[in-house]
Amino acid sequence: AAINDYLLDAHERGKRAILIIDEAQNLSVDVLEQIRLLTNLETSQRKLLQIVLLGQPELRRLLAQPRLRQLNQRITVRYHLSPLLKQEIPAYVNHRLSVAGFNRSKLFSKGQLSELFQLTAGIPRLINIICDRALIGTFVQGKNAVDSRTLLTAAREVSGKKNPWAVRKSVLVAACIALLIIILAAFAWNLYPL
């Protein structure tokens, strides 16, 4: 009732109320159901509350559950941030640095930004976290720019893996072996057809 009164008062004053929830993928189904009930608050002309849910890809899977069907149907606008392309990462990182007030020499080399793409698959959140860790490590070391070792250390810390390249290397080795077997089989087939 208190929320409804507040929203009606805001509406009468010509104001719009917006509820923004970040990391919404962490909300329970019960809380999401309560949020759905808030969408019922309206006048005869319009809704009294706009709700913005921000979250990781897990939010999409959560909302797809049958028990959240009603909430999912009430979402009128959706936007999904895709991974950045390799060539977009330098501009993204430099923009983030300039917004933070840094406008001097480059902190990351072109090679490191390319490495960053390999480490993150272009996922902005991972880029942010790894760069943050790498910048802290660089500061602690008293250096003026991030080096590759510090970048890889930051990636290891973020991933929790001893070697962030381990999975990619094993997949690459398996793919190379499979390709070699296919080439050898094709070659043998040409030499000794049935």
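Anything mentioned here points back to the structure above.
A brief structural summary. (Residues numbered from 1 in each chain as written. Predicted model: local features only at pLDDT ≥ 70, side-chain atom pairs only at ≥ 80, totals over all residues. Heavy atoms only, no water.)

### Description of the overall build of the protein
What counts is decided by this rule: What counts as a helix is a DSSP run of H or I of at least four residues, what counts as a strand is a run of E of at least two, and both are numbered from the N terminus. Buried residues are those whose accessible area, probed at 1.4 Å on protein chains only, stays under 20% of the maximum for their type, while exposed residues exceed 50% and partly exposed ones sit between those limits. Only heavy atoms matter for contacts: two residues are in contact if any of them lie within 4.5 Å across the pair. Only the protein chains shown count as cover for residues, and the accessible areas themselves come from Shrake-Rupley with a 1.4 Å probe.
On a plain count of helices and strands, the protein comes out with nine helices and two strands. Scanning the protein from its N terminus toward the C terminus, one meets helices and strands in the order α-β-α-β-α-α-α-α-α-α-α. Split into buried and exposed, the 194 residues of the protein put 25% on the buried side. Restricting to contacts in the protein with at least 6 residues of sequence separation, those with at least 24 account for 67%. On the protein, roughly 13800 Å² of surface is accessible, and the fraction owed to carbon and sulfur atoms is 60%.

### Focus: unusual backbone geometry
Located in the positive-phi region is Glu-23, a residue other than glycine, with phi close to 55 degrees. Residue position: Glu-23 is located in the loop between strand S1 (17-21) and helix H2 (29-38). Glu-23 gets classed as partly exposed once you look at its relative accessible area, which sits at 23%. Phi at Ala-121 is positive, roughly 55 degrees, even though this residue is not glycine. By secondary structure assignment, the location of Ala-121 is in the loop between helix H6 (110-120) and helix H7 (124-140). Exposure remark for Ala-121: the relative accessible area of 39% places this residue in the partly exposed category.

### Let's talk about the packing of helix H5 (residues 89-99) against H6
Heads up, the condition is: Axis geometry follows a simple rule: fit a line to the C-alpha atoms, using only the stretch in contact for helices, then measure angles between N-to-C directions, giving values from 0 to 180 degrees. Any angle between 65 and 115 degrees counts as roughly perpendicular, while under 35 counts as roughly parallel, over 145 as roughly antiparallel, and the rest as oblique. Each residue receives one of three labels: charged for Asp, Glu, Lys and Arg, nonpolar for Ala, Val, Leu, Ile, Met, Phe, Trp, Tyr, Cys and Pro, and polar for the others, Gly being one of them.
Packing of H5 against H6 brings their axes to within 9 Å, and their N-to-C directions diverge by 105 degrees. When the axis of H5 is compared with that of H6, the two are roughly perpendicular. Listed contacts from H6 to Ile-89, Pro-90 and Val-93 of H5 are Leu-113, Leu-116 and Phe-117. Partitioned by chemical class, the residues of the contact of H5 with H6 number six nonpolar, no polar and no charged.

### Notes on H6
Stated formally: It is the directions from the helix axis to the C-beta atoms whose arc is reported.
Listing the buried residues of H6 in full gives Gln-112, Leu-113, Glu-115, Leu-116, Leu-119 and Thr-120. Around the axis of H6, the buried residues are gathered within 155 degrees of arc, so they sit on the same side. Directly beyond the C-terminal end of H6, a positive phi value near 55 degrees is found at Ala-121.

### Quick word on the packing of H6 against H7
We apply this condition: Left-handed describes a crossing whose near helix is turned anticlockwise from the far helix through less than a right angle; right-handed describes the clockwise counterpart.
Axis separation between H6 and H7 bottoms out at 10 Å; the angle between their running directions is 125 degrees. In terms of axis orientation, H6 runs oblique to H7. The handedness of the crossing between H6 and H7 is right-handed. Note on element contacts: H7 touches H6 through Leu-126, Ile-127, Ile-130 and Cys-131, opposite Leu-116, Leu-119 and Thr-120. Partitioning the contact of H6 with H7 into residue classes produces six nonpolar, one polar and no charged.

### Digging into the pattern of salt bridges
Applicable threshold: Here, a salt bridge means any Lys or Arg side-chain nitrogen found within 4 Å of an Asp or Glu carboxyl oxygen.
Across all of its chains, the model carries seven salt bridges by this definition. Among the ionic pairs, Arg-13 bridges to Asp-9, the shortest N-O distance being 3.1 Å. Linking Lys-143 and Asp-147 is a salt bridge whose minimum nitrogen-to-oxygen distance equals 2.4 Å.

### What to know about the environment of Ile-21
Structurally, the position occupied by Ile-21 is in strand S1. Put simply, Ile-21 and Gly-55 are 34 residues apart on the chain and 8.4 Å apart in space, counted from C-alpha to C-alpha. Excluding residues within four positions of it along the chain, Ile-21 makes contact with Leu-27, Ile-35, Val-52, Leu-53 and Leu-54.

### Some points on the environment of Pro-57
Along the polypeptide, Pro-57 turns up in helix H3 (residues 57-63). For Pro-57, a relative accessible area of 45% translates into the label partly exposed. Taking the C-alpha atoms as reference points, Pro-57 and Leu-81, separated by 24 residues in sequence, lie 9.4 Å from one another.

None of the figures reported here should be taken as evidence of function without further support.
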